[in-house]
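# Structural characterization, general
Residue-level listing of the chains:
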Amino acid sequence: MMTRKEYADFLVPNIKHDREYYEKKYPKRNLEEGAIVLRVAPSPTGFVHFGTLFQGQLDHNLAKNSKGVFMLRIEDTDQKREVENGIEEILEAFKFYNITYDEGPISKTEEKGAYGPYIQSKRKDIYGAYVKDLIEKDLAYPSFITEEELERLRHEQEVSKSRIGYYGRYAVDRNLQMEEVIERVKRNEKYVIRLKSPGNFDHKIVFHDLVKGKVEMPENDIDHVILKGDGLPTYHFAHVIDDHLMHTTHITRGDEWLSSLPVHIQMHEMLGFEIPKYAHIAPIMKEEDGKRRKISKRKDPEANVFEFKKRGIPIEAIKEYLMTLSNSNFESWFEQDETKDIDDFKITFEKMNVAGALFDIEKIINLSKNFIARLSAEEFYERVLSWAEEFDQPFYELLKKEKETAIKMLNIERGGKKPRKDYSAYSDVYQNIWYIFDEKWDVPKEEYEFDKINDVEEIKKILTTYLEKYYDEKDDQDVWFEKIKQLCEELGYAANMKDYKENPEKYKGNVADVSTVIRVATTSKKQTPNLYDILQILGKEKIASRFAKWMK
Ligand code: GLU
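Residues numbered from 1 in each chain as written. Predicted model: local features only at pLDDT ≥ 70, side-chain atom pairs only at ≥ 80, totals over all residues. Heavy atoms only, no water.

Moving on, we get to the overall build of the protein. The helix and strand inventory of the protein stands at 22 helices and 13 strands. Taking 24 Å as the expected radius of gyration for a compact globule of 552 residues, we find that the protein reaches 33 Å, considerably beyond that expectation. Out of the 552 residues in the protein, the part that is buried amounts to 52%. In the protein, of all internal contacts separated by at least 6 residues, the share reaching a separation of at least 24 is 73%. Of the roughly 27500 Å² of accessible surface on the protein, a fraction of 48% belongs to carbon and sulfur atoms. Averaging the locations of the 89 positively and 103 negatively charged side chains of the protein gives two centres separated by 1 Å. (Helix = DSSP H or I, 4+ residues; strand = E, 2+ residues; numbered from the N terminus. Rg over C-alpha atoms; globule rule 2.2 N^0.38 Å. Buried < 20%, exposed > 50% of the residue type's maximum accessible area, 1.4 Å probe, protein only. Contact = heavy atoms within 4.5 Å. Areas by Shrake-Rupley, 256 points an atom, 1.4 Å probe, with all protein chains shown as cover. Lys, Arg positive; Asp, Glu negative; His and termini not counted. Charge placed at Lys NZ, Arg CZ, Asp CG, Glu CD.)

Their axes nearest at 10 Å, the elements helix α8 (residues 235-245) and helix α9 (residues 261-271) cross at an angle of 50°. For the element pair α8 / α9, the angle class is oblique. Where α8 crosses over α9, the handedness of that crossing is right-handed. Taking contact as the criterion, the partners of Y235, H236, F237, H239, V240 and I241 in α8 are, on α9, V263, H264, M267, H268 and L271. Looking at the contact of α8 with α9, its residues break down into seven nonpolar, four polar and no charged. (Axes fitted to C-alpha atoms, helices over the stretch in contact; angles between N-to-C directions. Parallel < 35°, antiparallel > 145°, perpendicular 65-115°, else oblique. Left-handed = near helix turned anticlockwise from the far one by under 90°. Nonpolar A, V, L, I, M, F, W, Y, C, P; charged D, E, K, R; others polar.)

Our focus in this paragraph is the site of the ligand. The full set of residues close to the ligand is R39, A41, S43, E75, Y235, T252, R253 and W257. Measuring from a nitrogen atom of the ligand, one finds a backbone N or O atom of A41 at 2.8 Å. Here an oxygen atom of the ligand sits 3.2 Å away from a polar atom, N or O, in the side chain of W257. In the complex, 83% of the free accessible area of the ligand, which totals 300 Å², lies under the protein chains. (Near = heavy atom within 4 Å. Polar contact = N/O pair within 3.5 Å; in protein donor to acceptor, adjacent residues only side chain to side chain.)

Before going further, it helps to spend a moment on the packing of aromatic side chains. Counted by the stated rule, this structure contains 34 aromatic pairs. Here the aromatic rings of F50 and F359 are separated by 5.1 Å at their centres, their planes lie at 75°, and the arrangement is edge-to-face. You can see F50 sitting in helix α3 (residues 50-65) and its partner F359 sitting in the loop between α12 (330-335) and α13 (361-374), a full 309 residues away along the chain. In this pair, the class of F50 matches that of F359, namely buried. Aromatic pair F380 and Y426: ring centres 6.4 Å apart, planes at 50°, arrangement tilted. Note that F380 is positioned in helix α14 (residues 377-391) and Y426 in the loop between α16 (403-411) and α17 (429-433), a separation of 46 residues in sequence. Accessibility classification places F380 together with Y426 in one group, the buried group. The structure contains a cluster of three or more aromatic residues connected by ring pairs, namely W434, Y435, W441, Y448, F450 and W550. The side chain of R194 reaches across the aromatic face of Y166, ending 4.0 Å from its centre. (Phe/Tyr/Trp six-rings, centres within 6.5 Å; stacked < 30°, edge-to-face > 60°. Lys NZ or Arg CZ within 6 Å of the ring centre and 35° of its normal.)

Turning our attention to unusual backbone geometry. For the peptide bond that leads from G116 to P117, omega is 0°, which places it in the cis range. Among the secondary structure elements, P117 is positioned in the loop between β4 (111-112) and α5 (124-136). With a phi close to 60°, H247 is a non-glycine residue in the positive phi region. Residue position: H247 is located in the loop between α8 and β10 (250-254).

In this section: the pattern of salt bridges. One pass over the structure, following the stated rule, counts 47 salt bridges. For K474, the salt bridge is made with D472, and the minimal N-O distance between the two is 3.8 Å. Relative accessible area serves as the criterion here: at 73%, K474 is assigned to the exposed category. Where salt bridges share partners, they join R39, R73, E75, R123, D242 and D243 into one cluster. (Salt bridge = Lys/Arg side-chain N within 4 Å of Asp/Glu carboxyl O.)

Mapping Q55 onto the fold places it in helix α3. Setting aside residues no more than four positions away along its own chain, Q55 makes contact with R39, V40, T252, R253 and G254.

Pairing is antiparallel in the open sheet, where three strands are placed in the order β5-β6-β9. A single partner strand is all that each edge strand has here, and the edge strands are β5 (140-143) and β9 (225-227). Strand-to-strand twist of the sheet, defined as the mean angle between neighbouring strand axes without regard to direction, takes the value 45°. Pairing of strand β6 (residues 192-195) with β9 involves two bridges; the strand directions are antiparallel. Of the residues in β9, the one forming a bridge with I193 is L227. (Pairing = 2+ DSSP bridges.)

Looking now at a negative patch on the surface. A cluster of like negative charges, contributed by E147, E148, E149, E151 and E158, occupies part of the molecular surface. Mapped onto the elements of the fold, E148 is located in helix α6 (residues 147-159). (Patch = residues over 30% accessible without salt bridge, like charges linked within 9 Å, V, L, I, M, F, W, Y side chains within 5 Å.)

Written out as structure tokens, the structure is:
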């Protein structure tokens, strides 16, 4: 006969330390009163999802504002679902979006913080110690039931309209005798370790969730697997152990976990741990065909956080958006002064959306436009340059070579109370400014967007007269405009809109039509930022050569 301790050792072999060792190794944190400890705990099972960033930003904010601790923990115990580079991408996403954590992995091999390892697959020994402790106390047991047998059980339960699961009288391995277990293990039969749940489904537990409020659920009576055949724990067990040893005070996570709360609470109790606070966060939703659904990794590639990087949406706009999703009063707070640090806003659980906010790409674009409009031309240039280096090499080369021209172009109608907002992302820039660069100036005739005035001879007349008599590089904007008006008068166009509206029949057209001709001849486009500035950037020689090229 084995003692229970030997039995635990036999079932979970090669574990270096016992539970007491870890309890001592990870002492209580020394934090100020009110400081809270949070973690974001993504699994590397697909692309990094918008929801992960959302939670990261939320936890970061809550920790910072309470002088607490924010950790990143990688939950990679489901190795069947793990994707290649999954961990690296999570780390890169946090780095790129500058969501800094106090503790967690920096790379697959390095980490910061005294409560690690922060990658679950490196914590096997820790989980083993606690599993053994439960076995010793007869609160966990080995189970040999196979996938096929479980499937059969499920079917049987469906037919008899019973609740699905391994519990009560269905949990037959619960009653296996030690001798039999030893025998079967020696025969190399595969087994997992299950929790010996003391729960009663007819009893209710009442719990206060920080976001959802009061929740009432039946007690757990299912003997959940805690340690799988591959020696790794299930999420249920791993998070309980980790959050205990890392001294997490507030567990924020997706509300798909709410239904597992009874088993988690039960595990805390069985292990003798203090129960942390839980905040179940509603998922970000998407509207499709008039219906709302969760955004998903499978259906919504735009939920991949690297899509925004590729598109060149500034990280500040994304973070601002994440903040608007967290608390609805953030926006009015931020509007007062858009230069303040978003993390000075204090997120509260009470103001979180219980139902799930809508993922609103239009809103992201708007925030992005506003943010870009607030940048200086130099700053904007630098950002576009580093974006292009990664995503648009030819544009990168052009920008480097034509730095001065590019900055001037990006500076048009920037600053001031009502800056122009035509850039929603770094990837918008090229299509908005290409025409300013001579090396790109090779536009087929049919692509010129001439509008009201489109007669070739008339256009020629306007361009030649303008260049010969009315254009002078040294003119300031007012003089320049006066001269455009004079040009109109000379050629039979209304110099101002009022006259034109009163007697349209008296004129060939108006000052706007004439300006359009000059604009299109120099840019090919009928809509551009301020024409005067564009002409100034081009200078007389280039203007003349563009006119000539078109007239040829
Ligand atoms: N690894 C879990 C997930 O990705 C995290 C749940 C939690 O934060 O506890 O859903």
